[in-house]
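# Descriptive structure summary
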Amino acid sequence: MDTNLGSLFARSALEIAAYPTKPPRYKCGISKACPENHFAFKMASGAANVVGPKICVEDNVLMSGVKNNVGRGINIALINGKTGETLDTKFFDMWGGDVAPFIDFLKSIQDGTVVLMGTYDDGATKLNEEARKLIAELGSTSITNLGFRDNWVFCGGKGIKTKSPFEQHIKNNKDTNKYEGWPEVVEMEGCIPQKQD
């Protein structure tokens, strides 16, 4: 009788080991593993003017309300396209601020840099044609239509020759807004190809 119980417990332990109970966890909590030579990322725009945006790359939360490094306007993280190293994180107030420092920042981005952007509250009021053109050169197609209190997330790069596949945009529309005066949060995840020489 004891040997039967022993084999029952042994078999159960093997079955448990063979069938994990938790789904696998991937970097930044994305839904699938990235292939080799790619960086995992996940990001979300802000929620109204209450919850700030979040940007995660390779399991490192670069910007979030918890880190207290996000703000009204456009939040931006720069990543080395070869190593995945964080180069800089900043936010630029596009409601009450000045667009000139944002333009200077965009002009200073080096070739091969991955650029991640997310809006919070309002990211468009102070944007001018020069700023929109510089963002479009990073691969954005939605920046020309970004309006007051729209939610937008974007991942592009300095020196890319094509339009980025990583962009989401929800228009501010009083008939469809999830929050009073603001659209719902926009989330996006993916795998950024590592820059090769």
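For the structure itself, look to the data block above.
Residues numbered from 1 in each chain as written. Predicted model: local features only at pLDDT ≥ 70, side-chain atom pairs only at ≥ 80, totals over all residues. Heavy atoms only, no water.

This next bit is on the packing of aromatic side chains. Following the criterion strictly, the structure yields five aromatic pairs and no others. Ring geometry for phenylalanine 92 versus phenylalanine 105: centroids 5.3 Å apart, planes at 45 degrees, classification tilted. Pair noted here: phenylalanine 92 is in strand β5 (residues 86–92) and phenylalanine 105 is in helix α2 (residues 99–108), with a separation of 13 residues, a long-range link. Phenylalanine 105 carries the same exposure label as phenylalanine 92, and that label is buried. Plain terms: the ring middles of tryptophan 95 and phenylalanine 148 are 5.8 Å apart, the flat faces sit at 45 degrees to each other, and that makes the pair tilted. Of this pair, tryptophan 95 sits in the loop between β5 and α2 while phenylalanine 148 sits in the loop between α3 (129–136) and β7 (151–157); the two residues are 53 residues apart in sequence, bridging distant segments of the chain. When its relative accessible area of 42% is taken as the criterion, tryptophan 95 is described as partly exposed. (Phe/Tyr/Trp six-rings, centres within 6.5 Å; stacked < 30°, edge-to-face > 60°. Helix = DSSP H or I, 4+ residues; strand = E, 2+ residues; numbered from the N terminus. Buried < 20%, exposed > 50% of the residue type's maximum accessible area, 1.4 Å probe, protein only.)

Going through the model one piece at a time under the given rule, you end up with seven salt bridges. With a shortest N-O distance of 3.2 Å, arginine 25 and aspartate 59 are connected by a salt bridge. Separated by 34 residues along the polypeptide, arginine 25 in the loop between α1 (2–18) and β1 (38–44) and aspartate 59 in the loop between β2 (54–57) and β3 (60–63) bring together distant segments of the chain. For arginine 25, a relative accessible area of 59% corresponds to the exposed category. Glutamate 130 is paired through a salt bridge with lysine 107; the nearest N and O atoms lie 2.9 Å apart. Placement of the pair is glutamate 130 in helix α3 and lysine 107 in helix α2, with a sequence separation of 23 residues. For lysine 107, a relative accessible area of 48% gives the class partly exposed. (Salt bridge = Lys/Arg side-chain N within 4 Å of Asp/Glu carboxyl O.)

Glancing now at the sheet that holds β7. Neighbouring strands of a sheet are bound in pairs by backbone hydrogen bonds; such pairs are parallel or else antiparallel. Strand order in the open sheet made by the five strands is β5-β4-β6-β7-β8, with antiparallel pairing throughout. The strands lining the two open edges of the sheet, one partner per strand, are β5 and β8 (166–170). Averaged over all pairs of adjacent strands, the angle between their axes in this sheet comes to 10 degrees, without regard to strand direction. As paired elements, strand β6 (residues 113–120) and β7 share five bridges and run antiparallel to each other. Within β7, the position partnered with valine 115 by the bridge is glycine 156. Of the strands in this sheet, β4 (73–80), β5 and β6 touch α2, which is tilted by about 160 degrees from β5. (Pairing = 2+ DSSP bridges. Axes fitted to C-alpha atoms, helices over the stretch in contact; angles between N-to-C directions. Contact = heavy atoms within 4.5 Å.)

What follows is about the nonpolar core. Ranked by size, the top nonpolar core spans 24 residues in total, and within it Ile76, Phe102, Leu106, Met117, Leu127 and Trp152 carry the most contacts. Those elements giving two or more residues to this core turn out to be β4, α2, β6, α3 and β7. When residues in this core are grouped by element, the largest group, five residues, is from α2. Among residues more than four places away in sequence, those in contact with phenylalanine 102 are Ile74, Phe92, Met94, Leu127, Ala131 and Ile135. (Core = buried A, V, L, I, M, F, W, Y, C linked by side-chain atoms within 4.5 Å.)

Attention shifts here to the sheet that holds β2. Overall, antiparallel pairing links the four strands, which are arranged β3-β2-β1-β9 in an open sheet. Each edge of the open sheet is held by one strand with a lone partner, namely β3 and β9 (187–193). Pairs of neighbouring strands in the sheet enclose a mean axial angle of 20 degrees, with direction left out of account. As judged from the four bridges shared by β1 and β2, these two strands associate in the antiparallel manner. Bridge pairing in β2 links alanine 44 to lysine 54.

Let's shift gears to the state of the cysteines. Disulfide: a covalent bond connecting the sulfur atoms of a pair of cysteines. Counted according to the given criterion, the structure contains two disulfides. Here cysteine 34 pairs with cysteine 191 through a disulfide, and the sulfurs are 2.1 Å apart. Every disulfide takes its handedness from the sign of the S-S torsion; for cysteine 34 and cysteine 191 that torsion is -85 degrees, giving left-handed. Residue cysteine 34 is located in the loop between α1 and β1, and its partner cysteine 191 is located in strand β9; the two are separated by 157 residues in the primary sequence. The class for cysteine 34 is partly exposed, based on a relative accessible area of 23%. Cysteine 191 sits in the buried class, given a relative accessible area of 13%. (Disulfide = S-S within 2.5 Å.)

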